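# Per-entry structural report
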Amino acid sequence: MSSSISYGTTNIAYDVEFRERKTLAIEVHPDRSVHVVAPLKATPEEIQSKVEKRAPWIAKQQRYFNGAKRIGTEKEWISGENVFYLGRQYRLKVDIGIADVKMAGKYLKVTVPDKSNKSQIEALVNSWYLRRARIKLEERILLFHPMLEREGLDFNSLIIRKLEKRWGSCTTKGNIVINAELIKTPIHCIDYVIIHELCHLKYHNHGTSFWKLLNKYCPDWVKLKDKLESFPI
Ligand SMILES: [Zn+2]
């Protein structure tokens, strides 16, 4: 069964699936479709009234997915698209030429023999990010040498790679792993992740001593974590 309600100037369409359950659940999917799972005995009126009640939340989710799609990972790899580097927004410019990527002014310029070869453009841009991340993060970690010395931290090496779900992690051998994607975010957010992982070299958990140490070297961490989590990479 599918139906719709109006909410402000927009129309929220939804489909309903009936299941043996007690409560009604509303799901908003990344393609912005709304799926209602209702108890077998729910009437269309009851369902509609529940959807109306949750309309502000539904609209918010849809806006979120809308934005995520516009600037998120699903890129078309064409000129004019937004890309991020160190928290700043640049425009992608794709031209024909030998395979290369460089930053020039407000543009990230990519040249490829065939502009329709999206996977080559994507691979070029990703390896450019990875190279930049290696250079920049090595540079940042040097800044934290005084902290390492003072706290007697046993830092071994910095590893940059693309992680799926987290910004960073550390191993008991003193290796810090940082997500290459972090290079897209503002420098202070990068520093926060580095300091967070360095603190884990001393405390391998999120206990009181850990937070105390983090506060000492990164007093703004709550603000930076929020900024990082809402950053539209
Ligand atoms: Zn942690």
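## Observations concerning the pairing of strand E2 (residues 10-19)
Both strand E1 (residues 2-7) and E2 contribute to a ladder of six bridges, which runs antiparallel. The residue bridging serine 3 from the neighbouring strand is tyrosine 14, located in E2. Hairpin remark: E1 followed by E2, antiparallel, with two residues in the connecting loop; positive phi at glycine 8, about 60°. Sheet topology note: the E2/strand E4 (residues 34-39) ladder contains six bridges and is parallel. Residue pairing for E4: glutamate 17 is matched across the bridge by valine 37.

## Focus on the coordination of the zinc ion
Donor atoms from the polypeptide that bind the zinc ion are His196 (NE2), His200 (NE2) and His206 (NE2), placed at 2.0 Å. Along the chain, the residues donating to the zinc ion are arranged with the sequence spacing H-x3-H-x5-H.

## Looking at the pairing of strand E5 (residues 82-85)
Every regular strand shows the same layout, with side chains that alternate between the two sheet faces. As defined by bridge partners, E5 adjoins strand E6 (residues 88-96) across four bridges and the pair is classed as antiparallel. Counted as the bridge partner of phenylalanine 84 is glutamine 89 from E6. Between E5 and E6, which follow one another and run antiparallel, lie two residues, and leucine 86 among them has a positive phi close to 50°.

## Some thoughts on the sheet that holds strand E11 (residues 175-179)
With mixed pairing, three strands are arranged side by side in an open sheet as E9-E11-E10. Whereas interior strands pair on both sides, the edge strands pair on one side only; in this sheet they are strand E9 (157-161) and strand E10 (168-170). Taking the axes of each pair of neighbouring strands and ignoring which way they run, one obtains an average angle of 20° across the sheet. In this sheet, E11 lies alongside E10 in antiparallel orientation, the contact comprising three bridges. The residue bridging cysteine 170 from the neighbouring strand is isoleucine 176, located in E11.

## Concerning the nonpolar core
Most often, soluble globular proteins have nonpolar side chains that are buried together. If you look at the biggest cluster of nonpolar residues, it comprises 46 residues, and the most contacted ones within it are Leu137, Ile178 and Leu198. It is helix H5 (residues 187-202) that provides the largest number of residues to this core, a total of nine residues. Of the domains in this structure, domain 2 (82-125) and domain 3 (133-229) are the two that each give at least three residues to this core. Counting 15 residues, the second-largest nonpolar core is a separate cluster that includes Val16, Ala38, Ala42 and Val51.

## Considering unusual backbone geometry
Backbone geometry at tryptophan 77 places phi at a positive 60°, although glycine is not the residue there. Here tryptophan 77 shows up in the loop between helix H2 (55-71) and E5. Note on tryptophan 77: relative accessible area 8%, which makes it buried. One non-glycine residue, leucine 86, adopts positive backbone phi at about 50°. Judged by relative accessible area, which is 14%, leucine 86 ranks as buried.

Rules of the game
Sequence positions are assigned chain by chain, starting from 1 and proceeding in written order. For this predicted model, a pLDDT threshold of at least 70 governs which residues receive local features, and a threshold of 80 or more governs which side-chain atom pairs are given and counted, while totals over whole chains, interfaces and linings are taken from all residues. For the side-chain quantities, the full set of heavy atoms in the structure was used; hydrogens and water were omitted. When DSSP finds two or more bridges between a pair of strands, those strands are recorded as paired. Going along the chain from the N terminus, every DSSP run of H or I of four or more residues is numbered as a helix, and every run of E of two or more is numbered as a strand. The donor set covers N, O and S atoms within 2.8 Å of the metal, switching to 3.2 Å for Na, K and Ca, and it leaves out water, so a site may look short of donors. Fitted lines through C-alpha atoms serve as axes, helices being fitted only where they are in contact, and the angles separating the N-to-C directions of these axes extend from 0 to 180 degrees. As used in this record, nonpolar core signifies buried Ala, Val, Leu, Ile, Met, Phe, Trp, Tyr and Cys residues forming a set joined through side-chain atoms within 4.5 Å. Each residue gets one of three labels from its accessible area relative to the maximum for its type: buried under 20%, exposed over 50%, partly exposed in between, using a 1.4 Å probe on protein chains only. Residue ranges assigned to the domains are those given by an automatic or database domain assignment.

Purely geometric numbers; function is a separate question.
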